[in-house]
Amino acid sequence: MRLDLRRALSEPLNGSIGYSYSTRDGSNYIPVNTSVDSATITPFYIANRDRDTWKVGLDWTPMDRLGLQFNYAYSLDKYPTDGDRIDGIRKGTAQMFSIDGDYALNDQWKARGWYTHDT
């Protein structure tokens, strides 16, 4: 499920806010080495999860030749603990910030750059 709202805030500034919900579920994980009592712990990178994500974005064009975009996203993962899975990760978070820019040097050349940081 995904919901996005976008709006022009002024002539050079546009904004957006969004929410998305996703579920990952698949087959049961079977560990290779069953001699260790690890059958109830699934590695987090393949574990089932529910994810809620909020996103905020701004698109600013202060002049015809320059454009800047700012984005921020925050996600919360919840890992189910039902059934045999009683140990392991319960929740996780992720954040991402980015800024992108472009500048028209002339009619033939355009410069672009970006920076992204995520945790």
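As shown above, the structure is provided for reference.
Within every chain, residues take consecutive numbers counted from 1 along the sequence as written. Residues qualify for local features only when their pLDDT is at least 70, as the model is predicted, and side-chain atom pairs are given and counted only at 80 or more; totals for whole chains, interfaces and linings, by contrast, use all residues. In computing side-chain values, all of the structure's heavy atoms are included and hydrogens and water are not.

## A short note on the pattern of salt bridges
Applicable threshold: Any Lys or Arg side-chain nitrogen located within 4 Å of an Asp or Glu carboxyl oxygen qualifies as a salt bridge. Here's how the labels work: a residue is buried when its accessible area is under 20% of the maximum for its type, exposed when over 50%, partly exposed in between, all with a 1.4 Å probe on protein chains only.
Considering all chains together, one arrives at four salt bridges under this definition. Two residues, Asp4 and Arg2, come together in a salt bridge whose shortest N-O distance is 2.9 Å. The partly exposed category is assigned to Asp4, whose relative accessible area is 33%. Arg2 sits in the exposed class, given a relative accessible area of 59%. Salt bridges here are not isolated pairs; linked through shared partners, they connect Arg49, Arg51 and Asp77.

## Some remarks on the sheet that holds strand β5 (residues 91-104)
Formally: Two strands qualify as a pair provided that DSSP identifies no fewer than 2 bridges between them. Numbering of helices and strands runs from the N terminus, with a helix taken as a DSSP run of H or I at least four residues long and a strand as a DSSP run of E at least two residues long. Angular values range over 0 to 180 degrees, each being the angle between N-to-C directions of two axes fitted as lines to C-alpha atoms, with helices fitted over their stretch in contact.
The strand order across the open sheet built from six strands is β1-β2-β3-β4-β5-β6, with neighbouring strands paired in antiparallel fashion. The two strands at the open ends of the sheet, each matched to only one other strand, are β1 (2-8) and β6 (110-118). Across the sheet, the mean angle from the axis of one strand to that of its neighbour is 10 degrees, orientation sign disregarded. Across 12 bridges, the pairing between strand β3 (residues 49-63) and strand β4 (residues 66-78) is antiparallel. Across the sheet, the residue bridging to Arg51 is Asp77, located in β4.

## Brief notes about the packing of aromatic side chains
So the rule is basically this: Any two rings among Phe, Tyr and Trp, with Trp reduced to its six-membered ring, count as a pair given centres within 6.5 Å; such a pair is stacked if its planes are under 30 degrees apart, edge-to-face if over 60, and tilted if neither.
One pass over the full model with this rule turns up one aromatic pair. With a centroid separation of 4.8 Å and 50 degrees between ring planes, the pair formed by Tyr19 and Trp54 is classed as tilted. Note that Tyr19 is positioned in strand β2 (residues 13-24) and Trp54 in strand β3, a separation of 35 residues in sequence.

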